[in-house]
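# Summary of the model geometry
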Amino acid sequence: DNACAVNPNNANYVVVGGLDIWGSNDGGTTLHQRTQWTSGVTSSNFAHADVHVLIYGPLGLYALSDGGIFFSPNNGTSWQQSKNSKLSTMLFVGGDAAPDFSYVIGGAQDNGINRALENDKSFKQTHGGDGGRCFISQSDGQSVYSTYIQASLQKSGDYGNSWNTGGNPNDPYNVIPTDCPC
(Lines give C-alpha, C1' and ligand atoms only; values in the text may rest on other atoms or scores of the structure.)
Protein backbone atom coordinates (compact mmCIF):
# COMPACT_ATOMS: atom_id res chain seq x y z
CA ASP A 1 0.00 0.00 0.00
CA ASN A 2 2.81 2.40 -0.79
CA ALA A 3 2.92 4.25 -4.09
CA CYS A 4 4.76 7.23 -5.48
CA ALA A 5 4.71 9.10 -8.79
CA VAL A 6 6.36 12.22 -10.18
CA ASN A 7 4.56 14.39 -12.72
CA PRO A 8 6.48 13.97 -16.01
CA ASN A 9 5.82 17.64 -16.89
CA ASN A 10 6.86 19.09 -13.51
CA ALA A 11 9.38 17.22 -11.37
CA ASN A 12 8.39 19.32 -8.34
CA TYR A 13 4.94 17.75 -8.29
CA VAL A 14 5.09 14.45 -6.40
CA VAL A 15 2.20 12.26 -5.23
CA VAL A 16 2.39 9.48 -2.67
CA GLY A 17 -0.28 7.06 -1.55
CA GLY A 18 -1.07 4.56 1.17
CA LEU A 19 -4.49 4.78 2.79
CA ASP A 20 -4.92 8.24 1.25
CA ILE A 21 -3.11 10.17 -1.45
CA TRP A 22 -0.91 13.15 -0.65
CA GLY A 23 0.59 15.67 -3.07
CA SER A 24 3.51 18.07 -3.09
CA ASN A 25 4.43 20.89 -5.46
CA ASP A 26 7.84 21.48 -3.92
CA GLY A 27 9.54 18.17 -4.70
CA GLY A 28 8.22 16.41 -1.63
CA THR A 29 9.36 18.90 1.02
CA THR A 30 5.75 19.44 2.12
CA LEU A 31 2.77 17.17 1.52
CA HIS A 32 -0.94 18.06 1.38
CA GLN A 33 -3.71 15.50 1.69
CA ARG A 34 -5.52 15.04 -1.64
CA THR A 35 -7.96 12.23 -0.82
CA GLN A 36 -10.02 11.14 2.15
CA TRP A 37 -10.96 7.47 1.78
CA THR A 38 -13.68 7.78 4.44
CA SER A 39 -15.43 10.69 2.67
CA GLY A 40 -17.72 8.50 0.54
CA VAL A 41 -17.75 7.46 -3.09
CA THR A 42 -19.64 10.51 -4.34
CA SER A 43 -17.11 12.99 -2.91
CA SER A 44 -14.63 14.62 -5.30
CA ASN A 45 -11.80 13.83 -2.88
CA PHE A 46 -12.59 10.11 -2.58
CA ALA A 47 -10.25 7.39 -3.73
CA HIS A 48 -10.49 3.94 -2.19
CA ALA A 49 -7.98 3.12 0.55
CA ASP A 50 -4.92 0.93 0.00
CA VAL A 51 -3.32 2.64 -2.96
CA HIS A 52 -0.92 0.24 -4.68
CA VAL A 53 0.03 2.20 -7.83
CA LEU A 54 0.10 5.88 -8.81
CA ILE A 55 0.93 6.56 -12.44
CA TYR A 56 0.67 9.48 -14.82
CA GLY A 57 -0.88 8.83 -18.22
CA PRO A 58 -1.55 11.16 -21.14
CA LEU A 59 -4.82 12.41 -19.60
CA GLY A 60 -3.77 12.71 -15.95
CA LEU A 61 -3.03 10.77 -12.79
CA TYR A 62 -4.33 7.26 -12.08
CA ALA A 63 -4.54 5.57 -8.68
CA LEU A 64 -4.93 1.78 -8.56
CA SER A 65 -6.31 0.55 -5.25
CA ASP A 66 -8.19 -2.27 -3.58
CA GLY A 67 -11.37 -0.52 -4.73
CA GLY A 68 -10.48 -0.19 -8.40
CA ILE A 69 -9.06 2.58 -10.57
CA PHE A 70 -9.47 6.27 -9.81
CA PHE A 71 -8.56 9.18 -12.09
CA SER A 72 -7.55 12.77 -11.47
CA PRO A 73 -7.24 15.19 -14.40
CA ASN A 74 -5.61 17.82 -12.15
CA ASN A 75 -2.65 16.29 -10.26
CA GLY A 76 -4.86 14.83 -7.53
CA THR A 77 -6.87 17.92 -6.62
CA SER A 78 -10.11 16.09 -7.43
CA TRP A 79 -10.88 12.46 -8.29
CA GLN A 80 -13.31 10.54 -10.49
CA GLN A 81 -14.47 6.97 -9.92
CA SER A 82 -15.81 6.52 -13.45
CA LYS A 83 -12.93 4.22 -14.41
CA ASN A 84 -14.52 1.44 -12.33
CA SER A 85 -17.64 0.93 -14.40
CA LYS A 86 -17.78 -2.53 -15.93
CA LEU A 87 -14.77 -3.70 -13.91
CA SER A 88 -15.14 -6.85 -11.85
CA THR A 89 -12.38 -6.38 -9.33
CA MET A 90 -13.77 -7.78 -6.08
CA LEU A 91 -12.03 -10.71 -4.45
CA PHE A 92 -14.60 -12.77 -2.58
CA VAL A 93 -13.17 -14.63 0.40
CA GLY A 94 -16.33 -16.51 1.23
CA GLY A 95 -20.02 -16.64 0.47
CA ASP A 96 -23.24 -18.55 0.82
CA ALA A 97 -26.67 -18.92 -0.79
CA ALA A 98 -30.09 -18.75 0.82
CA PRO A 99 -31.86 -22.10 1.13
CA ASP A 100 -34.26 -21.15 -1.69
CA PHE A 101 -31.46 -19.44 -3.71
CA SER A 102 -33.36 -16.13 -3.56
CA TYR A 103 -30.08 -14.36 -2.80
CA VAL A 104 -26.38 -14.96 -2.38
CA ILE A 105 -24.07 -13.03 -0.11
CA GLY A 106 -20.31 -12.85 0.09
CA GLY A 107 -17.50 -11.07 1.86
CA ALA A 108 -15.08 -9.22 -0.38
CA GLN A 109 -11.53 -8.41 0.65
CA ASP A 110 -11.50 -4.73 1.63
CA ASN A 111 -14.84 -4.18 -0.12
CA GLY A 112 -17.41 -5.20 2.46
CA ILE A 113 -20.29 -7.62 2.38
CA ASN A 114 -22.09 -7.80 -0.95
CA ARG A 115 -25.41 -9.35 -1.88
CA ALA A 116 -27.08 -10.26 -5.17
CA LEU A 117 -30.78 -11.03 -5.37
CA GLU A 118 -32.06 -13.86 -7.57
CA ASN A 119 -33.41 -11.55 -10.28
CA ASP A 120 -30.56 -9.00 -10.08
CA LYS A 121 -27.25 -10.32 -11.35
CA SER A 122 -25.16 -7.48 -9.86
CA PHE A 123 -23.81 -7.36 -6.34
CA LYS A 124 -24.65 -4.44 -4.05
CA GLN A 125 -22.68 -3.65 -0.91
CA THR A 126 -24.74 -4.01 2.28
CA HIS A 127 -21.92 -3.36 4.76
CA GLY A 128 -18.51 -1.76 4.33
CA GLY A 129 -15.04 -2.59 5.57
CA ASP A 130 -13.33 -5.92 5.12
CA GLY A 131 -15.86 -8.58 4.19
CA GLY A 132 -15.12 -12.07 5.43
CA ARG A 133 -16.58 -15.54 5.26
CA CYS A 134 -20.38 -15.50 5.17
CA PHE A 135 -23.01 -17.97 6.29
CA ILE A 136 -26.78 -17.85 5.78
CA SER A 137 -28.84 -19.82 8.27
CA GLN A 138 -30.35 -22.70 6.33
CA SER A 139 -33.14 -23.01 8.89
CA ASP A 140 -34.67 -19.54 8.39
CA GLY A 141 -32.80 -17.98 5.44
CA GLN A 142 -32.88 -14.51 6.98
CA SER A 143 -30.13 -14.76 9.62
CA VAL A 144 -26.77 -13.99 8.06
CA TYR A 145 -23.36 -14.07 9.70
CA SER A 146 -20.03 -12.72 8.50
CA THR A 147 -16.56 -12.64 9.97
CA TYR A 148 -14.75 -9.33 10.23
CA ILE A 149 -11.37 -7.97 11.30
CA GLN A 150 -9.84 -8.94 14.64
CA ALA A 151 -11.82 -12.21 14.73
CA SER A 152 -15.16 -10.53 15.28
CA LEU A 153 -18.47 -11.80 14.02
CA GLN A 154 -21.28 -9.74 12.53
CA LYS A 155 -24.94 -10.70 12.34
CA SER A 156 -27.85 -9.57 10.23
CA GLY A 157 -31.36 -10.65 11.09
CA ASP A 158 -32.90 -9.22 7.92
CA TYR A 159 -31.29 -11.05 4.97
CA GLY A 160 -28.14 -8.91 5.10
CA ASN A 161 -29.88 -5.54 4.83
CA SER A 162 -28.47 -4.22 8.12
CA TRP A 163 -25.73 -5.48 10.41
CA ASN A 164 -24.93 -5.60 14.11
CA THR A 165 -21.18 -5.58 14.53
CA GLY A 166 -20.90 -6.66 18.15
CA GLY A 167 -17.60 -5.62 19.69
CA ASN A 168 -18.69 -6.47 23.21
CA PRO A 169 -17.89 -10.06 24.31
CA ASN A 170 -21.29 -10.19 26.06
CA ASP A 171 -23.10 -9.01 22.93
CA PRO A 172 -25.19 -11.86 21.44
CA TYR A 173 -24.04 -10.79 17.97
CA ASN A 174 -20.41 -11.37 18.85
CA VAL A 175 -20.76 -15.11 19.49
CA ILE A 176 -20.70 -17.97 17.03
CA PRO A 177 -24.24 -19.29 16.50
CA THR A 178 -24.98 -22.98 16.93
CA ASP A 179 -26.03 -23.34 13.26
CA CYS A 180 -22.84 -21.70 11.87
CA PRO A 181 -20.30 -24.16 10.38
CA CYS A 182 -17.53 -21.56 11.03
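See the structure printed just above.
First things first, this report covers the structure right here in the doc. On a predicted model such as this, the values are computed, not experimentally measured, just so you know.

A few words now on the nonpolar core. Counting 14 residues, the largest nonpolar core has V15, I21, L54 and A63 as its most contacted members. At the level of secondary structure, the elements contributing two or more residues to this core comprise β1 (3-6), β5 (51-56) and β6 (61-65). Apart from the residues lying within four places of it in its own chain, the contact partners of I21 are V15, V16, H32, Q33, R34, T35, A47, V51, L54, A63 and W79. I105, I113, V144 and W163 belong to the second-largest nonpolar core, a separate cluster that totals 8 residues.

Pairing is antiparallel across the open sheet formed by 3 strands, whose spatial order is β5-β6-β7. Strand pairing shows two members of the sheet lacking a second neighbour, β5 and β7 (68-72), which therefore form its edges. Strand-to-strand twist in this sheet, taken as the mean axis angle between neighbours without regard to direction, amounts to 20 degrees. Across 5 bridges, β5 lies against β6 in antiparallel orientation. By the bridge assignment, L54 is partnered in β6 with A63.

Opposite charge on two side chains permits them to pair, given that their charged atoms come into close proximity. Considering all chains together, one arrives at 1 salt bridge under this definition. Close ionic contact of K124 with D120 constitutes a salt bridge, the shortest N to O distance being 3.1 Å. Looking at K124, the relative accessible area reads 45%, which means it is partly exposed. Take D120: its relative accessible area is 30%, and that puts it in the partly exposed class.

Tracing the backbone through its elements, the reader meets S162 in the segment after β14 (152-156). A relative accessible area of 39% means that S162 is categorised as partly exposed. Separated by 35 residues in the primary sequence, S162 and H127 place their C-alpha atoms 7.4 Å from one another. Within polar-contact distance, the side chain of S162 engages the side chain of D158 at 2.9 Å.

With that settled, the discussion passes to the sheet that holds strand β13 (residues 144-148). The antiparallel open sheet is built from 3 strands, whose spatial order is β12-β13-β14. Edge positions in the open sheet fall to β12 (134-136) and β14, since each of these has one partner strand only. Put simply, the sheet's adjacent strands are angled 20 degrees from each other on average, direction ignored. Two elements, β13 and β14, share 5 bridges in a ladder whose sense is antiparallel. Bridge pairing in β14 links T147 to L153.

Of all 5 residues that make up β6, 4 are buried, and the element is covered over most of its length. The turn linking β5 back onto β6 is made up of 4 residues, and G60 within it adopts a positive phi angle of 155 degrees. When β6 meets β7, the two strands line up antiparallel, connected through 5 bridges. Paired with L64 across the two strands is I69, which belongs to β7. What sits between β6 and β7 in their antiparallel hairpin is a turn of 2 residues.

Calculation rules
- Residues numbered from 1 in each chain as written.
- Predicted model: local features only at pLDDT ≥ 70, side-chain atom pairs only at ≥ 80, totals over all residues.
- Heavy atoms only, no water.
- Core = buried A, V, L, I, M, F, W, Y, C linked by side-chain atoms within 4.5 Å.
- Buried < 20%, exposed > 50% of the residue type's maximum accessible area, 1.4 Å probe, protein only.
- Helix = DSSP H or I, 4+ residues; strand = E, 2+ residues; numbered from the N terminus.
- Contact = heavy atoms within 4.5 Å.
- Pairing = 2+ DSSP bridges.
- Axes fitted to C-alpha atoms, helices over the stretch in contact; angles between N-to-C directions.
- Salt bridge = Lys/Arg side-chain N within 4 Å of Asp/Glu carboxyl O.
- Polar contact = N/O pair within 3.5 Å; in protein donor to acceptor, adjacent residues only side chain to side chain.

In short, shape yes, function no, at least from these values alone.
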